[in-house]
Amino acid sequence: MGIESSCDDTSAAVIRDGVLLSNVIASQEIHRTYGGVIPELASRAHQQNIVPVVDVALKKAGVTLDQLDGIAFTRGPGLLGSLLVGVSFAKGLAIARDIPLMEVNHLQGHILAHFIDVPEKQLPHPNFPFLCLLVSGGNSQIVLVRSYGDMEIVGQTIDDAAGEAFDKCAKVMGLPYPGGPVIDRLAQTGDPTRFKFAKPSVDGLDYSFSGLKTSFLYFLRDEMAQNPDFIEQNRNDLCASLQSTITDILMNKLIKAARQFDIKEIAIAGGVSANSGLRGAVTAEGEKRHWRVYLPEFRFTTDNAAMIAVAGYYKYLDSHFAPMDVVPEARLENKL
Ligand code: KG4
């Protein structure tokens, strides 16, 4: 069983021999009112959700507690109070059932989502070594993946994450949280070439998104001073242009990394990997450059326990168990 509780989704999943039997996710609606995740409310909601979520995951899988061979949990990175709920639950279950514990780095989980097997069809798995563009609300990284447990961050954001750029720019336009999916939807009917926004110039394979956010803010402020209805009248073009800028920034370094490491196996992962502009761009570049491109199924892009269960499964096979005094860690993003 895998348990995920790093942010605002409580999730439990059951796999057998790497094949997914159930994946239950309880999303916390309460944060919408505030336009962002409130950590204390998140940990309280996890406490309420965890037992019913685990119960439903077992029932859906047709498995009883005493049939579990191991329990994997997200150790970090994430919100400390939220992580604590999952870690404590996993430890309790491991002690009660006398089964091993596997700790999983949430970011490794996102990457290993590409190795989830489902009963109904064959999902493609990348071949090692591959490059994974990991883009979520908290991280933007290019990861060189040599095996299930051997990963190296070769580039990452020096400030905001790509998802944060989507969410913050959406907020400025008065769109609801999380803004990424909303921008994606509105961008479908907008002109991506209409507005040009500043692209950062950062050395090597690193990213930066805070300048884009600031220049977007100033641009809107100036336009709104002349025409208070500017956002209203140009919303879809703004969304399309912004999405295209973020996609270009992400692709630029991904192409550079593929060339630098001479790797043609390219995957994307994390919440922003659901973005249609990014998926289209990776596919198009892949055709041009003879990459083999791996796009995760939409249900495995955002936070879910299936990816934690799979990551834990490979640790289980290696007898790579966590000690009972393991504690959650809020900051684990640099320790793949
Ligand atoms: O991986 P995730 O669920 O949570 C983190 O671990 O951060 O990612 C959430 C992020 C949010 O910033 C959200 O706006 C973004 O993923 N996101 C998208 C899309 N779907 C989710 N961004 C752009 N386009 C989307 N379709």
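Residues numbered from 1 in each chain as written. Predicted model: local features only at pLDDT ≥ 70, side-chain atom pairs only at ≥ 80, totals over all residues. Heavy atoms only, no water.

Quick rundown of the packing of helix H4 (residues 162-172) against helix H7 (residues 230-261)? Include the residues and the values.
Running from N to C, H4 and H7 cross one another at 165°; their axes reach a closest spacing of 11 Å. One element, H4, and the other, H7, form an angle in the roughly antiparallel class. Crossing of H4 over H7 shows right-handed handedness. Note on element contacts: H7 touches H4 through Ile 231, Leu 242, Gln 243, Ile 246 and Leu 250, opposite Ala 162, Ala 165, Phe 166, Cys 169 and Val 172. Residue classes in the contact of H4 with H7 are distributed as 9 nonpolar, 1 polar and no charged. (Axes fitted to C-alpha atoms, helices over the stretch in contact; angles between N-to-C directions. Helix = DSSP H or I, 4+ residues; strand = E, 2+ residues; numbered from the N terminus. Parallel < 35°, antiparallel > 145°, perpendicular 65-115°, else oblique. Left-handed = near helix turned anticlockwise from the far one by under 90°. Contact = heavy atoms within 4.5 Å. Nonpolar A, V, L, I, M, F, W, Y, C, P; charged D, E, K, R; others polar.)

How would you explain the nonpolar core if you had to name every residue and give the values?
Generally speaking, nonpolar side chains in soluble globular proteins are found buried as a group. If you look at the biggest cluster of nonpolar residues, it comprises 47 residues, and the most contacted ones within it are Leu 133, Met 173, Phe 209, Leu 242, Ile 246, Leu 250 and Leu 278. Elements with a minimum of two residues in this core: strand S6 (130-135), strand S7 (140-145), H4, helix H5 (179-187), helix H6 (210-226), H7, strand S9 (265-269) and helix H8 (276-289). The element best represented in this core is H7, accounting for 14 residues. Those residues in contact with Met 173, other than ones at most four positions away along the chain, are Ile 183, Phe 216, Leu 220, Ile 231, Arg 235, Leu 238, Cys 239 and Leu 242. Ile 15, Leu 112, Leu 134 and Val 310 belong to the second largest nonpolar core, which has 33 residues in total. (Core = buried A, V, L, I, M, F, W, Y, C linked by side-chain atoms within 4.5 Å. Buried < 20%, exposed > 50% of the residue type's maximum accessible area, 1.4 Å probe, protein only.)

Now, about a nonpolar patch on the surface: what can you tell me, with residues and values included?
Nonpolar side chains collect at one region of the surface, where Tyr 316, Leu 317 and Phe 321 lie side by side and expose about 280 Å² of accessible area between them. Relative to the helices and strands, Leu 317 is located in helix H9 (residues 305-317). (Patch = residues over 30% accessible without salt bridge, like charges linked within 9 Å, V, L, I, M, F, W, Y side chains within 5 Å. Areas by Shrake-Rupley, 256 points an atom, 1.4 Å probe, with all protein chains shown as cover. Salt bridge = Lys/Arg side-chain N within 4 Å of Asp/Glu carboxyl O.)

Can you tell me about the pattern of salt bridges, naming the residues and giving the values?
Going through the model one piece at a time under the given rule, you end up with 19 salt bridges. Put simply, Glu 164 and Lys 168 hold a salt bridge, and the shortest N to O gap is 3.1 Å. With Glu 164 and Lys 168 both in helix H4 and 4 residues apart, this pair spans about one turn of that helix. For Lys 168, a relative accessible area of 30% puts it in the partly exposed group. As a salt-bridge pair, Arg 292 and Glu 265 come within 2.4 Å of each other at their nearest N and O atoms. Taken together, the residues Arg 292 in strand S10 (residues 292-294) and Glu 265 in strand S9 connect sequence positions 27 residues apart. For Arg 292, a relative accessible area of 48% translates into the label partly exposed. Several salt bridges share partner residues, and in doing so they unite Glu 120, Lys 121, Glu 297 and Arg 299 into one network.

How would you sum up the site of the ligand? Please name residues and give values.
Looking at the ligand, there are 19 residues lining it, with Gly 137, Asp 167, Asp 184, Gly 271 and Asn 275 nearest. Between the ligand and Gly 163, the relevant distance is 3.3 Å, taken from an oxygen atom to a main-chain nitrogen or oxygen of the residue. In the environment of the ligand, an oxygen atom lies 3.1 Å from a nitrogen or oxygen atom belonging to the backbone of Gly 180. Considering the ligand on its own, with 560 Å² of exposed area, one finds that the protein chains cover 87% of that surface. Residue assignment for the shell around the ligand shows that the elements contributing at least two residues are helix H3 (106-112), H4 and H5. Residue classes in the shell around the ligand are distributed as 5 nonpolar, 11 polar and 3 charged. (Near = heavy atom within 4 Å. Polar contact = N/O pair within 3.5 Å; in protein donor to acceptor, adjacent residues only side chain to side chain.)

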